[in-house]
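Inside the fold
Residue-level listing of the chains:
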Amino acid sequence: MVRLVFPLLLVLAVPARAEEFVFYPKILNTTTGLPASPGQFVSAEKCAYCHPLQHEQWKGSMHANALADPLFRAVWRESSRETGGRTDRFCAGCHAPVGALTEQVWIRESGEIVIDPRADEGITCDFCHSVVAVKLLEKGGNPGNSGLAVEPEGAKQGPYADAHSTFHATAYSDVHTRSEFCGACHNVFHPVNNTAIARTYEEWKGSEYARAGIQCQDCHMVPPEVAARVADTMEKAVRTGLTSVFDTERTPFFDHDFTGANAAVTTLLNQWGRANEARLRLRSAARLELVVSEQVAPGGGMEVGVRVANVRAGHNLPTSMTELRQMWLHLVVRDAGRGGTVVFESGGLDPEGRLGPEARRFGAQAVDSEGRPTWKPWRIARIVRDTSIPPRGAVTERFEIPLPPGAKGPFDVVVRLLYRSLPQGVADAYLDRPGWKVPLVEMAAARAEVRAAGE
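To start, this report covers the structure provided alongside it.

About the criteria used
Residues numbered from 1 in each chain as written. Predicted model: local features only at pLDDT ≥ 70, side-chain atom pairs only at ≥ 80, totals over all residues. Heavy atoms only, no water. Helix = DSSP H or I, 4+ residues; strand = E, 2+ residues; numbered from the N terminus. Rg over C-alpha atoms; globule rule 2.2 N^0.38 Å. Buried < 20%, exposed > 50% of the residue type's maximum accessible area, 1.4 Å probe, protein only. Areas by Shrake-Rupley, 256 points an atom, 1.4 Å probe, with all protein chains shown as cover. Lys, Arg positive; Asp, Glu negative; His and termini not counted. Charge placed at Lys NZ, Arg CZ, Asp CG, Glu CD. Salt bridge = Lys/Arg side-chain N within 4 Å of Asp/Glu carboxyl O. Pairing = 2+ DSSP bridges. Axes fitted to C-alpha atoms, helices over the stretch in contact; angles between N-to-C directions. Parallel < 35°, antiparallel > 145°, perpendicular 65-115°, else oblique. Contact = heavy atoms within 4.5 Å. Disulfide = S-S within 2.5 Å.

Description of the overall build of the protein
- Counting its regular elements, the protein contains 14 helices and 24 strands.
- In terms of C-alpha radius of gyration, the protein reaches 24 Å, essentially the compact-globule figure of 23 Å for 455 residues.
- Within the protein, the fraction of its 455 residues that count as buried is 55%.
- By element, 52% of the accessible surface of the protein is carried by carbon and sulfur atoms, the whole surface being about 20,500 Å².
- Across the protein, the centroid of the 50 positively charged side chains sits 2 Å from that of the 53 negatively charged ones.

Now the structure itself:
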């Protein structure tokens, strides 16, 4: 048995230039700079013998399904076709890292994805626990673009300094306790024009959470209700649990669900428990407040203010590829005096499940090199607007609502903050699931009654 101790976060400030990386445009690399072989990585099924709980949690996660994700696969094929294969390595760096390091994943002209079976496990146990360093990019000195250094067949890295095993070498790793580890894939820059496409790590880095020492792991490797307490108290949770079948009880204890906001793909993959956890996370993240007049005159106008607060997310709401994610306000005003007739609506969906352009949506708006709107990462040239809400931040949306002359009141004002992982039109175009509706999650709601003058 070999035990190694690396007590400090190991980061290397490196430029993102093709001549310095064998695997460019991804920054993922081995410690030798040479491709690995599939046999140097152990299947997650083998890890399950000693770590059954962690394996069971992981296999339903979006990490395990990073390559199985049907939306990713469809979009990856399209990007490969449109770029002549230049995005193949780049996307594989985060979604199929073992395939990327072994150069055993590629896309044929037919669109078929070819991958070695050992590499077909998404972000697998042995990959993460073989990471020994985070590489920082020139752009802002932040991690990103799969900037990790991996030592295949090396000691298994983890957060416990006294770990030991008779099955593999072990090493303490501060890297695995810090947000930089996560930021390597949850910060994505366009490899040609450096536009920030996903900015989750940067959003966290400038937040109150980062200043309090709350790392990504403190919220995404605990159950949703624990993450909510961490956000409310700004204190790490003290949890104890078994990390192996050998009664190794550890504190702190980390789940391997990696719960985020993706209730759509987890539903597609029949991972119902994970989908439910995603819904719970979304429902705890935001708060709505309505500001309305006490009374209004029918035939006049009603002013409605909706304050949207990010109360429990350590990054922006929404986050990641918010060019694609949809978070918006659905506001409905009904005239109770006329049987609940709708006198105003904003943010409703049409019969095909499409969101209208008038909706008050939060997130980034991106354009391509010709200024045309796009959500496709390889086409993005710049971000023209970003209305996502920072951690502990809030915005107020104001609505001017004309009331019809025949309105009687009182008026019932209901607003909901809604979220879905992708637009219905994208699902219809890219997923071979006719009739499937993208799950819609109500994150928060508020209600108020406004009297008509003279009541």
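Points about the pattern of salt bridges
- Scanning the entire structure with this criterion turns up 22 salt bridges.
- Here Arg-250 and Asp-162 are joined by a salt bridge, their closest N and O atoms 2.6 Å apart. Of this pair, Arg-250 sits in strand β13 (residues 249-250) while Asp-162 sits in the loop between β8 (156-158) and β9 (170-173), placing them 88 residues apart in sequence.
- Note on Arg-250: relative accessible area 15%, which makes it buried.
- Between Lys-236 and Asp-218 there is a salt bridge whose closest N-O contact spans 2.5 Å. Of this pair, Lys-236 sits in the loop between α11 (224-233) and β12 (241-242) while Asp-218 sits in helix α10 (residues 216-220), placing them 18 residues apart in sequence.
- Among the residues examined, Lys-236 registers a relative accessible area of 45% and is labelled partly exposed.

Here's the deal with the pairing of strand β23 (residues 411-420)
- For β23, the buried fraction is high: eight of the 10 residues fall into the buried class.
- Pairing between β23 and strand β24 (residues 441-452): nine bridges, direction antiparallel. Bridge pairing in β24 links Asp-412 to Glu-449.

Brief notes about the packing of helix α3 (residues 70-83) against helix α4 (residues 88-95)
- For the pair α3 and α4, interaxial distance at closest approach is 10 Å and the crossing angle is 160°. Classified by the interaxial angle, the pair formed by α3 and α4 is roughly antiparallel. Residue-level contacts link Phe-72, Trp-76 and Ser-80 of α3 to Asp-88, Cys-91, Ala-92 and His-95 of α4.

Quick look at the state of the cysteines
- Scanning the model with the defined rule gives one disulfide in all.
- The side chain of Cys-94 participates in a disulfide bridge whose partner is Cys-185; the two sulfur atoms lie 2.4 Å from each other. Between Cys-94 and Cys-185 the sulfur-sulfur dihedral comes to about -100°; the bridge is accordingly left-handed. A residue pair is termed long-range when its members are at least 10 positions apart, and Cys-94 in helix α4 and Cys-185 in the loop between α7 (179-183) and β10 (187-189) qualify at 91 residues.
- Among the residues examined, Cys-94 registers a relative accessible area of 15% and is labelled buried.
- With no disulfide of its own, Cys-216 has Cys-182 as its nearest cysteine by sulfur position, at a separation of 4.2 Å.
- Note on Cys-219: no disulfide assigned, nearest cysteine sulfur contributed by Cys-216 at a separation of 8.4 Å.

Focus on the sheet that holds strand β16 (residues 301-310)
- Across the sheet, which stays open at both edges, the three strands sit in the order β14-β16-β22 with antiparallel pairing between neighbours. The sheet terminates laterally at β14 (286-292) and β22 (394-402), the two strands that pair on one side only. The mean inter-strand angle of the sheet, taken between neighbouring strand axes irrespective of direction, is 20°.

Points about the environment of Pro-318
- Relative to the helices and strands, Pro-318 resides in the loop between β16 and β17 (326-335).
- With a relative accessible area of 2%, Pro-318 lands in the buried category.
- Sequence spacing of Pro-318 and Asp-428 is 110 residues, and the spatial spacing of their C-alpha atoms is 22 Å.

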